[in-house]
Each structure stands twice: as C-alpha cells, then as structure tokens.
Amino acid sequence: MRLITWNINSLRLRLPLLQRLTHDEQPDVICLQETKVPDPLFPAEQLREMGWKHHVYWGMKGYNGVAILSRYPLEAVQSAPDWCGRSDSRHVAAWVHLPAGRVLVHNFYVPAGGDVPDAVENEKFAHKLAFLEEARAFFAQRSFKNSILVGDLNIAPCEHDVWSHKQLLKIVSHTPVEVEALNAWHNTGFVDAMRHLIPEPEKLYTWWSYRNRDWKKSNRGRRLDHVWVSPDLLPGVTACRVLKDARDWEGPSDHVPVVMDLAVPV
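Residues numbered from 1 in each chain as written. Predicted model: local features only at pLDDT ≥ 70, side-chain atom pairs only at ≥ 80, totals over all residues. Heavy atoms only, no water.

A. Main features of the side chain of Asp 28. Topologically, Asp 28 is positioned in the loop between α1 (15-25) and β2 (29-33). Buried and unpaired, Asp 28 has Arg 71 as its nearest opposite-charge partner, separated by 4.8 Å. In this structure, Asp 28 is in contact with Met 1, Arg 2, Trp 52, Leu 69, Ser 70, Arg 71 and Tyr 72, ignoring residues within four places of it in sequence. (Helix = DSSP H or I, 4+ residues; strand = E, 2+ residues; numbered from the N terminus. Buried < 20%, exposed > 50% of the residue type's maximum accessible area, 1.4 Å probe, protein only. Lys, Arg positive; Asp, Glu negative; His and termini not counted. Salt bridge = Lys/Arg side-chain N within 4 Å of Asp/Glu carboxyl O. Contact = heavy atoms within 4.5 Å.)

B. Structural context of the packing of aromatic side chains. For the coordinates displayed, the defined rule picks out 17 aromatic pairs. Ring geometry for Trp 6 versus Trp 249: centroids 6.4 Å apart, planes at 90°, classification edge-to-face. On the criterion of sequence distance, the pair formed by Trp 6 in strand β1 (residues 2-7) and Trp 249 in the loop between β13 (237-242) and β14 (258-262) is long-range, its members being 243 residues apart. Accessibility assignment for this pair places Trp 6 and Trp 249 in one class, buried. For Arg 71, the ring lying beneath its charged end belongs to Trp 52, and the centroid distance is 4.7 Å. Sitting above the plane of the Trp 95 ring, Arg 102 keeps its charged end 3.6 Å from the centroid. (Phe/Tyr/Trp six-rings, centres within 6.5 Å; stacked < 30°, edge-to-face > 60°. Lys NZ or Arg CZ within 6 Å of the ring centre and 35° of its normal.)

C. Seen up close, the pairing of β1. The element β1 is extensively covered by neighbouring structure, given that 5 of its 6 residues are classed as buried. For β1 and β14, the ladder comprises 4 bridges, and the chain directions are antiparallel. Bridge pairing links Leu 3 to Met 260 in β14. Here β1 pairs with β2 via 5 bridges, running parallel. Bridging from a neighbouring strand, Thr 5 pairs with Cys 31 of β2. Once you follow β1 into α1 and on to β2, the crossover reads as right-handed. (Pairing = 2+ DSSP bridges. Right-handed = clockwise from strand over helix to strand, strands pointing away.)

D. Representation of the UniProt feature "domain: Endonuclease/exonuclease/phosphatase" (unreviewed entry) in the chain. Taken from the UniProt record, the annotation "domain: Endonuclease/exonuclease/phosphatase" (unreviewed entry) applies to residues 4-255. Secondary structure across residues 4-255 divides into 23% helix and 25% strand, with the first and last C-alpha atoms of the span separated by 12 Å. (UniProt positions renumbered as here; feature names shortened; annotations may be inferred.)

E. Highlighting helix α3 (residues 123-140). For α3, built from 18 residues, the straight-helix expectation of 26 Å at 1.5 Å per residue is met to within 8% by its first-to-last C-alpha distance of 26 Å. Phe 125, His 127, Lys 128, Phe 131, Leu 132, Ala 135, Phe 138 and Phe 139 are the residues of α3 that are buried. The arc that holds every buried residue of α3, seen down its axis, measures 155°, which confines them to one face. Those residues of α3 hidden inside the fold are in contact with β7 (101-109), β8 (147-152) and α5 (176-186). Between a side-chain oxygen at the N-terminus of α3 and the backbone nitrogen of Lys 124 the separation is 3.0 Å; the capping residue is Asn 122. (Expected span 1.5 Å × (residues − 1). Arc of directions from axis to C-beta. Polar contact = N/O pair within 3.5 Å; in protein donor to acceptor, adjacent residues only side chain to side chain.)

This is the structure in structure tokens:
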C-alpha cells in the first residue's frame, strides 16, 4: 500500500495539484488536512474522476477539515470523542480494506496553537495542549494493531525537525511542553515511521512558511506532518519520502506531501 498524507490548504482550490500528485505517485490512500470545505460541497464526483472511489471526510466552511481518499473500500470508524467538545473537523478514521488485509487509518489535524506559547495568555495554545492530552488519553486506553496515524500534528519534535533548534525552542510548534505532549501521545503505542527510516541528525522538514520569499534558499523548514505506525506494521514500512519539490508547484500549499510505502501483513 502506498499512503500519502498532505495538508492541502484548501481541497477545492488545489484539486489540480491533487490530480498531479495522484498521477505522479499512484497512491492507494491519501489523507488530507485543512480541506476547508463543508460536507455538502465536498467534491466527491471530481475525486471519483481521478480514481478516488471511496471517501471518508469531515469538513467545515473556511477552516480545518480532514478527508481520507482510497482506491479500496473504506469503513468509517466513529468511536473517537468530540475532541475538546468543539466539533471542529480535526479527525477522521477508517478501516481500509485491501486485498491482502485491512489497516486502520487515523487522520488528524492538530490545532496550530497561535503565536504565544503560554496556555494562560493564549487560548489557542491552551486548546492545543488540551487536544494533545485528550488524544493521548484516548489512545492509551486502547490496544491496537494494523494501525496508522498520520496528519498535520503541528509539532516538530526532534532537534533536526526544525531549521534551528536553539532559536525555535520558544516558538510554537517546537516548545518543550508541546514536544513532551506529542511524545506522550506517540508513546501510547506508535513508531515514528519517518524517523525510523530517516533517523536524526538528518534534517527533515515538511513545511516552509509562505513568508519566506525564497523558501528553498533560506530552508527555514519544520517537520509538522507525521506518519506513525503500530509496531506490528513497522517491518512492512519500506519507504518514507518527503515530496519537497511540491513546494514549487504553481499555487502550492505551505506543506508538502509525505509518502509511505507499506507491505501489509496478510
């Protein structure tokens, strides 16, 4: 199975880029974040024309939104809580029924957290930390196999997941409190597939700000997008790639797609 996760930053706006990604990479599953489209306007027919016959999605107007697209049948999972009681379209999950077996895919868009890394002064940061704790508690109560968790988790946990560890320690997305919270969630039973195949200290980024006039020259990136797998799937992970060139596509997202190739156990 080839799976891609991508914060597309508006699905309808970037349908041509999704078409290009589909053509170039021939994935079996794509998980999208920040689709920014309410469910009644979800472009299901256009996606079917691209070959995406099966969809599980949850969206809202102008913000957030997540979707799983698949060439194989999807069985939606509804057991997750209403994260922080906000019903703000940040998580969908589905079983993907492959010819060789099935895998459970969780697709998350974690709150960004605003600009001030203080939960008292900044409600957005408090929301982010609360979301991370709810996610940790939810997964800590479960024993699972054949599971994949992907998405824009809005935290760069490792030293070389950011362009300057020292300068970003007080910047939202790389603060110690966020990293600790993300690691606690990760440690409920997942392996970081990207860092398993591309270990520290190699630099690894998936996001470059629109504010950088020449993003490639400055290379001030962060790894905000993640691919986690349950330990039983790890032996089947054969490749993880960051499609850095997508940042130069016409009208790009500020995130680039991440590709994982996985041999699914029968």
